[in-house]
Amino acid sequence: MTLPIDPIAGKVILLTGANRGIGLATAKELVARGAKVVAGVREPSRMPALKDVLVLPLDVANAESSRTFVESAEQREGRIDGLINNAAILLNPRSPVLDMTESDLLSTLEVDLGGPIRMTQLVVPRMLAKGYGRVVNVSSGLGAISDMAGGYAAYRMAKLALNGFTKILAAELGPNSPVKVNSLCPGWVRTDMGGAEANRDPAEPAREIADLVAISADGPTGGFFRRGEPADW
């Protein structure tokens, strides 16, 4: 499947978790396509300097931080065309679900699910007012109910719910909405989270994320993708 995409030169894209791994590779890919990136990171000093990237502090688990980030981005750039919800955490992945602590569960849900929901609620009304918007939720195949297994319990449940949120929002906006919402699985990627043995370079999912945030008006919404192809939920 070849996704229909448009040029995104000059588009303003908000990107969470942008200072390393998939997030940093995505920032570089977006800049290479001519987009203006607003990078949200908890510690801006740790974000490598990139041309056409505005770095602002952001803790997606904090409502006030998220609101300040979005308002500052809009004030500085004048609009918001895209949102990539990439920030996520993975805690004690080898712990059996019966041994999972409440703290690990709630912390994971707050960042991996609450963060994207919070950011989307802040951004989408602004997109609707402008008549254009793209939301990309970086999910995981570990959250696909069709392939659910043991391990990674809190992370799996958060990503499963994030996929559900993607479907719900796309359905409520409707197929003809100027705002499109999709999620994707980046695969097993060589990052701090994925480890050195992973089989994908961060630049690979970065291109797929950039394609989804550049999706054309006749492109899909409410989809889940892997390597540019529709994937089972």
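Further up the page is the structure itself.
Caption draft 1: Structural detail: the environment of E204. With respect to the element layout, E204 can be found in helix α5 (residues 203-213). Distance in space between the C-alpha atoms of E204 and R227 is 8.4 Å, their sequence separation being 23 residues. Of the polar contacts made by the side chain of E204, one reaches the backbone nitrogen of D201; its length is 2.9 Å.

Caption draft 2: Representation of the environment of P48. For P48, the position within the fold is in the loop between β2 (36-41) and β3 (53-57). For the pair formed by P48 and N19, sequence separation is 29 residues and the distance between their alpha carbons is 6.8 Å.

Caption draft 3: Representation of the pattern of salt bridges within the structure. This model, assessed by the stated rule, comprises nine salt bridges. R33 is the partner of D211 in a salt bridge, and the nearest nitrogen-oxygen pair spans 2.9 Å. Linking D211 in helix α5 with R33 in the loop between α1 (21-32) and β2, this pair joins segments that are 178 residues apart in sequence. Of the charged contacts in the structure, one is a salt bridge between R79 and D81, with a shortest N-O distance of 2.9 Å. Taking relative accessible area as the criterion, D81 reaches 7% and is therefore assigned buried. Connected through salt bridges with shared partners, the residues E29, R33 and D211 form a single ionic network.

Caption draft 4: Fine view of the pairing of strand β4 (residues 82-85). Across the two faces of β4 the burial is the same, with G82 and I84 and L83 and N85 all buried. Where strand β1 (residues 12-16) meets β4, three bridges bridge the pair, whose relative direction is parallel. Bridging across to β4, I13 finds its partner in G82. Across four bridges, the pairing between β4 and strand β5 (residues 133-138) is parallel. Of the residues in β5, the one forming a bridge with L83 is V135.

Caption draft 5: Looking closely at helix α3 (residues 102-130). Here α3 spans 41 Å end to end across 29 residues, near enough to the 42 Å set by a 1.5 Å rise per residue. Where α3 bends most, at G114, the angle is about 40°, and the proline P116 comes one to four residues later. Of the residues trailing α3, G131 is marked for its positive phi of about 80°.

Caption draft 6: Focus on the packing of aromatic side chains. Counted under the stated rule, the structure contains one aromatic pair. Positioned over the ring face of Y132 is K11, at 4.0 Å from the centre of the ring.

Caption draft 7: Layout of the sheet that holds strand β6 (residues 179-185). Taking strand neighbours across the sheet as the criterion, the eight strands line up as β3-β2-β1-β4-β5-β6-β7-β8 in an open arrangement whose pairing is mixed. Lying at the two open borders of the sheet, with one neighbouring strand each, are β3 and β8 (229-230). The pairing of β1 with β2 spans five bridges and is parallel. Pairing of I13 across the sheet is with V37, part of β2.

Caption draft 8: Structural view of the nonpolar core. The biggest cluster of nonpolar side chains holds 28 residues, and the ones touching the most others in it are L14, V38, F69, V70 and M127. Counting only elements with at least two residues in this core, the list comes to β1, β3, α2 (63-77), α3, α4 (153-173) and β6. Sort the elements by how many residues they give to this core and α3 lands first, with seven residues. Excluding its chain neighbours within four sequence positions, the residues that come into contact with V70 are L14, I80, M119, L122, V123 and R126. Of all hydrophobic cores here, the second largest spans 27 residues; its members include L15, I22, V37 and A214.

Caption draft 9: Summary view of the packing of α2 against α3. Packing of α2 against α3 leaves a shortest axis separation of 9 Å and a crossing angle of 30°. In terms of their interaxial angle, α2 and α3 are classed as roughly parallel. By crossing handedness, the relation of α2 to α3 is classed as right-handed. Along its contact with α2, which presents A63, S66, R67, F69, V70, E71 and E74, the element α3 presents R118, M119, L122, V123 and R126.

Basis of the calculations
Residues numbered from 1 in each chain as written. Predicted model: local features only at pLDDT ≥ 70, side-chain atom pairs only at ≥ 80, totals over all residues. Heavy atoms only, no water. Helix = DSSP H or I, 4+ residues; strand = E, 2+ residues; numbered from the N terminus. Polar contact = N/O pair within 3.5 Å; in protein donor to acceptor, adjacent residues only side chain to side chain. Salt bridge = Lys/Arg side-chain N within 4 Å of Asp/Glu carboxyl O. Buried < 20%, exposed > 50% of the residue type's maximum accessible area, 1.4 Å probe, protein only. Pairing = 2+ DSSP bridges. Expected span 1.5 Å × (residues − 1). Bend = angle between axes of the 7 residues up to and from the residue. Phe/Tyr/Trp six-rings, centres within 6.5 Å; stacked < 30°, edge-to-face > 60°. Lys NZ or Arg CZ within 6 Å of the ring centre and 35° of its normal. Core = buried A, V, L, I, M, F, W, Y, C linked by side-chain atoms within 4.5 Å. Contact = heavy atoms within 4.5 Å. Axes fitted to C-alpha atoms, helices over the stretch in contact; angles between N-to-C directions. Parallel < 35°, antiparallel > 145°, perpendicular 65-115°, else oblique. Left-handed = near helix turned anticlockwise from the far one by under 90°.

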